[in-house]
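The primary structure of each chain is shown beneath.
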Amino acid sequence: MHAPVPVPDAVDLLQARARLDELAVVDVRTPAEYASGHLPGAVNVPLDRIPGAVADLRRAAGRGRVLVVCASGARSAKASALLAGHGVAAASLDGGTGGWAAAGYGLDRPEGAAPGWVMERQVRFAAGALVLLGLALGLLVHPVLLLLPAGVAGGLVLSALTGTCGMAALLARLPHNRPRAADLDAALAALGGRASGPRRR
């Protein structure tokens, strides 16, 4: 018999703030987004690195709950569901880091880190640049190149309908959006420390 899989749920901002010292907070945004401001005590394990960090997250959840955070709650919900599938008790923060900041709660920033663009801004920039490029090439080179902005528009519609974003997934693979191995190791080590007792602030 397999142990029952914990059902991922969501934690609202007030609950998260009241229990922050009891939670292992994992920010699944890109390093650039994390550097722009994160919940106090959060460690950065980007969404695509979560599968390789399941063992560390299970240990961190051993004495409490893992709170998964992203920009708005979409990526953290995916990460929570993935962790639940591996038997890890995790919850997603409703509203994400954006909601936390909008509520007037403080954000930490890594010392000396240059803040980067959040993923939503990167997607808007890339989509807009591709549309302008496609229009210019279609008018100046060949009309068939107008398919480029049409493709971008179709991708944005599909993204809205499905709640996924292929462009964000591609952008997340760029070097500035990837964690350095040492940074990821440090984040996982911090989770290991969290597993041995509550965080002190």
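Residues numbered from 1 in each chain as written. Predicted model: local features only at pLDDT ≥ 70, side-chain atom pairs only at ≥ 80, totals over all residues. Heavy atoms only, no water.

**A word on a nonpolar patch on the surface**
On the surface, Leu130, Leu133, Leu137, Leu139, Leu140, Val141, Val144, Leu145, Leu147 and Leu148 cluster together into a nonpolar patch covering about 930 Å² of accessible area. Put simply, the parts of the chain that give the nonpolar patch at least two residues each are helix H6 (119-140) and helix H7 (147-162). Within the element layout of this structure, leucine 140 appears in helix H6. According to the relative accessible area criterion, leucine 140 is exposed, its value standing at 72%. (Patch = residues over 30% accessible without salt bridge, like charges linked within 9 Å, V, L, I, M, F, W, Y side chains within 5 Å. Areas by Shrake-Rupley, 256 points an atom, 1.4 Å probe, with all protein chains shown as cover. Salt bridge = Lys/Arg side-chain N within 4 Å of Asp/Glu carboxyl O. Helix = DSSP H or I, 4+ residues; strand = E, 2+ residues; numbered from the N terminus. Buried < 20%, exposed > 50% of the residue type's maximum accessible area, 1.4 Å probe, protein only.)

**Overview of the layout of surface pockets**
By volume, the largest pocket amounts to about 750 Å³. The wall of the largest pocket is formed by 27 residues, among which Arg75, Met119, Cys165, Ala168 and Ala169 lie closest to the centre. At the level of elements, helix H4 (74-85), H6, H7 and helix H8 (166-171) are the ones that each hand at least two residues to the lining of the largest pocket. In the lining of the largest pocket, the residues fall into 14 nonpolar, six polar and seven charged. (1 Å grid on protein atoms, 1.4 Å probe; cavity = no way out; pocket = protein on both sides within 12 Å on 5 of 7 lines; lining within 4 Å. Points joined across faces, edges and corners; volume = space filled by probe spheres on them. Nonpolar A, V, L, I, M, F, W, Y, C, P; charged D, E, K, R; others polar.)

**Here we look at the nonpolar core**
Proteins that are soluble and globular tend to have nonpolar side chains buried together. With 22 residues, the main nonpolar core has Val26, Val45, Ile50, Leu57, Val66, Leu83 and Leu191 as its most contacted residues. Residue contributions to this core peak at four residues, all from helix H9 (residues 181-195). Beyond its immediate chain neighbours, meaning those up to four positions away, leucine 191 contacts Ala24, Val26, Val43, Val45, Leu57 and Ala60. Ranked by size, the runner-up nonpolar core spans 15 residues in total, among them Leu20, Leu23, Val25 and Val69. (Core = buried A, V, L, I, M, F, W, Y, C linked by side-chain atoms within 4.5 Å. Contact = heavy atoms within 4.5 Å.)

**Some words on the pairing of strand E5 (residues 90-93)**
Sheet topology note: the strand E1 (residues 9-11)/E5 ladder contains three bridges and is parallel. Following the sheet pairing, alanine 10 is matched in E5 by serine 92. In terms of strand pairing, strand E4 (residues 66-69) meets E5 through three bridges, oriented parallel. Opposite valine 66, over in E5, you have alanine 90 as the bridge partner. You can see the chain leave E4, run along H4 and come back into E5, and the turn it takes is right-handed. (Pairing = 2+ DSSP bridges. Right-handed = clockwise from strand over helix to strand, strands pointing away.)

**Topic: the pattern of salt bridges**
Inspection of the entire model under this criterion finds four salt bridges. Between aspartate 27 and arginine 29 there is a salt bridge; the shortest N-O distance is 2.8 Å. The exposure class of aspartate 27 is buried, given its relative accessible area of 0%. For arginine 29, a relative accessible area of 3% translates into the label buried.

**Some details on the confidence of the model for the protein**
The pLDDT averaged across the protein works out to 81; a share of 85% of its residues lies at or above 70. This model gives residues 195-201 a pLDDT under 50, and the stretch forms 16 contacts once residues within four places in sequence are excluded. (pLDDT = per-residue confidence, 0-100.)

**Some words on the sheet that holds E5**
Strands sit in the order E1-E5-E4-E2-E3 across an open sheet of five strands; the sheet is parallel. The sheet terminates laterally at E1 and strand E3 (43-44), the two strands that pair on one side only. Two elements, strand E2 (residues 24-27) and E3, share two bridges in a ladder whose sense is parallel. Within E3, the residue paired with valine 26 across the bridge is valine 43. With respect to the sheet, H4 is in contact with E4 and E5, its orientation differing from that of E5 by roughly 175°. (Axes fitted to C-alpha atoms, helices over the stretch in contact; angles between N-to-C directions.)

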